[in-house]
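# A look at the structure
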Amino acid sequence: MSLSKLVSFVLILHLLNPIVVLSSSSLGSSNGLSEIPKKFLDLAKRKEIFDWMVSIRRKIHEYPELGYEEFNTSKLIRQELDKMGIPYKHPVAVTGVIGYIGTGQPPFVALRADMDALPIQELVEWEHKSKIPGKMHACGHDAHVSMLLGAAKILKEHFEDQLKGTVVLVFQPAEEGGAGAKKIVDEGVLENVDAIFGLHVAPDQLVGTVGSRPGVLLAGSSSFDAVIIGVGGHGAGPQFAIDPVVAASNVVVSLQQIISREADPLDSLVVTVAKFRGGEAFNVIPDSVPIGGTLRAFSREGLVQLQQRVEEVIKRQAAVSRCNATVDFLEEKHPLFPPTINNKDLHEHFLSVAQDMLVTDNIIERQPLMGSEDFSFYQEALPGYFFFLGMQDETLPPLKTLHSPFFTVNEDSFPYGAALHASLATRYLIAAEPKQNLRDEL
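Overview of the structure. (Residues numbered from 1 in each chain as written. Predicted model: local features only at pLDDT ≥ 70, side-chain atom pairs only at ≥ 80, totals over all residues. Heavy atoms only, no water.)

### Quick word on the pairing of strand E16 (residues 384-392)
When you tally the buried positions in E16, you get nine out of nine residues, the bulk of the element. Residue alternation in E16 divides its side chains into two sets, Gly384, Phe386, Phe388, Gly390 and Gln392 and Tyr385, Phe387, Leu389 and Met391, and both sets are buried. Note: strand E5 (residues 195-206) against E16, eight bridges, orientation parallel. Along E16, the bridge assignment pairs Val201 with Leu389. Here strand E6 (residues 210-212) pairs with E16 via two bridges, running antiparallel. Within the sheet, the bridge partner assigned to Gly211 lies in E16 and is Phe388. (Buried < 20%, exposed > 50% of the residue type's maximum accessible area, 1.4 Å probe, protein only. Helix = DSSP H or I, 4+ residues; strand = E, 2+ residues; numbered from the N terminus. Pairing = 2+ DSSP bridges.)

Below, the structure written as structure tokens:
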């Protein structure tokens, strides 16, 4: 074969099956760094990787598991890590899995995905509808797992030999109120990690967009149960009873006055009573009335102060009506979630990576939200950054909100999530390499 024919043949093969190559020399230049997110996005969009992520998500979606019950989800994750040759620790925090890609040496940077579903009956009729009655992935955690596995696949198969440090994969249980992140922190598996990144799908943002902000992004939250205790009796003779329904009604109204008359109008606080159960008969005054709700604030201190006032108001307002009251902030079952506060240096890192992958108009600065996330437990232990990943197709009707029984995931967002995960970790390690400190292995 002549030289010209050989060159033409090689060129045709390259065009038919392009190979993404990031040489160590190219990474040393600013141009090489800026190319990493684009190259990773190209990889994530490849049919074999995209279809693989989608298939994993659909398997998880069909068999949703609640917090600390994610045994089959955890098993699936470990099977995929085994296939890729990625070592891991298990169990961590009951069902959690911690994987490792790279040298096993510092610096360490972590990427997190939550695994748990919600106690919701899915009402979306499609081929991969939940097969478990009363349970559904209505918050996109199945998508989060799939995208983190996609990032792992990209890093392991296309970049591991160039990593100058270690990417830690955190597959976390029980985000939905169970504080799985706190358990992972408490078990010490992230002690030597320098930074952690996490994402959440956002049905209110377009595909190909990301949204976040430096500083406070999400509120801290606390749940409470209370019981107003009186003396039951016949509805026709209220003078012979001590009516807890009236007392509980006054409690609900008085709790709202904490926000309207005590809180600084410029300080965002929420007290919502969402649970109120009276008697079972139309003519019987019950002995007690259970109520419950949620509290939100943008600082841990504000949340603790709000808890104190809520307890005082409930007990004292009940006493005005000659009732007693008990208040439980459910610290064992639903611990207080701190606010999600993004590290400002990591925000600059995120913007740098996102700008190299997306057009500038697709990077949105979100306003703080009153929703909460247990990712905040990581941020109390080490620098952390959390962002939203758009899912909405502008040519289709608006997606339903998170926690809706009609919630759906636009799987076209997966390449962006996987590539951002991989890019944020890779670029972080490259930037950290000259200033790393020698520490023990994880």
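Still more ground to cover, so stick around.
### Notes on the sheet that holds E6
Strand order in the open sheet formed by eight strands is E1-E2-E4-E3-E5-E16-E6-E15, with mixed pairing between adjacent strands. Whereas interior strands pair on both sides, the edge strands pair on one side only; in this sheet they are strand E1 (88-92) and strand E15 (363-365). The sheet shows a mean angle of 25° between the axes of neighbouring strands, direction not considered. Of the strand pairs in this sheet, strand E2 (residues 96-102) and strand E4 (residues 166-172) are connected by six bridges, and their pairing is antiparallel. Across the sheet, residue Ile101 finds its bridge partner in E4, namely Val167. In this fold helix H5 (residues 71-84) packs onto E1, E2 and E4, with an angle of close to 170° to the strand it touches most, E1. The sheet strands contacting helix H12 (residues 414-432) are strand E3 (108-114), E4, E5, E6 and E16, and the helix crosses E5 at an angle near 150°. (Axes fitted to C-alpha atoms, helices over the stretch in contact; angles between N-to-C directions. Contact = heavy atoms within 4.5 Å.)

### Regarding the pattern of salt bridges
Counted under the stated rule, the structure contains 21 salt bridges. Salt-bridge contacts for Asp186 lead to Lys182; the nearest nitrogen and oxygen are separated by 3.1 Å. Taken together, the residues Asp186 and Lys182, both in helix H7 (residues 180-186) and four residues apart, mark about one turn of the helix. One salt bridge connects Asp225 with Lys275, and the closest N-O pair in it is separated by 2.7 Å. (Salt bridge = Lys/Arg side-chain N within 4 Å of Asp/Glu carboxyl O.)

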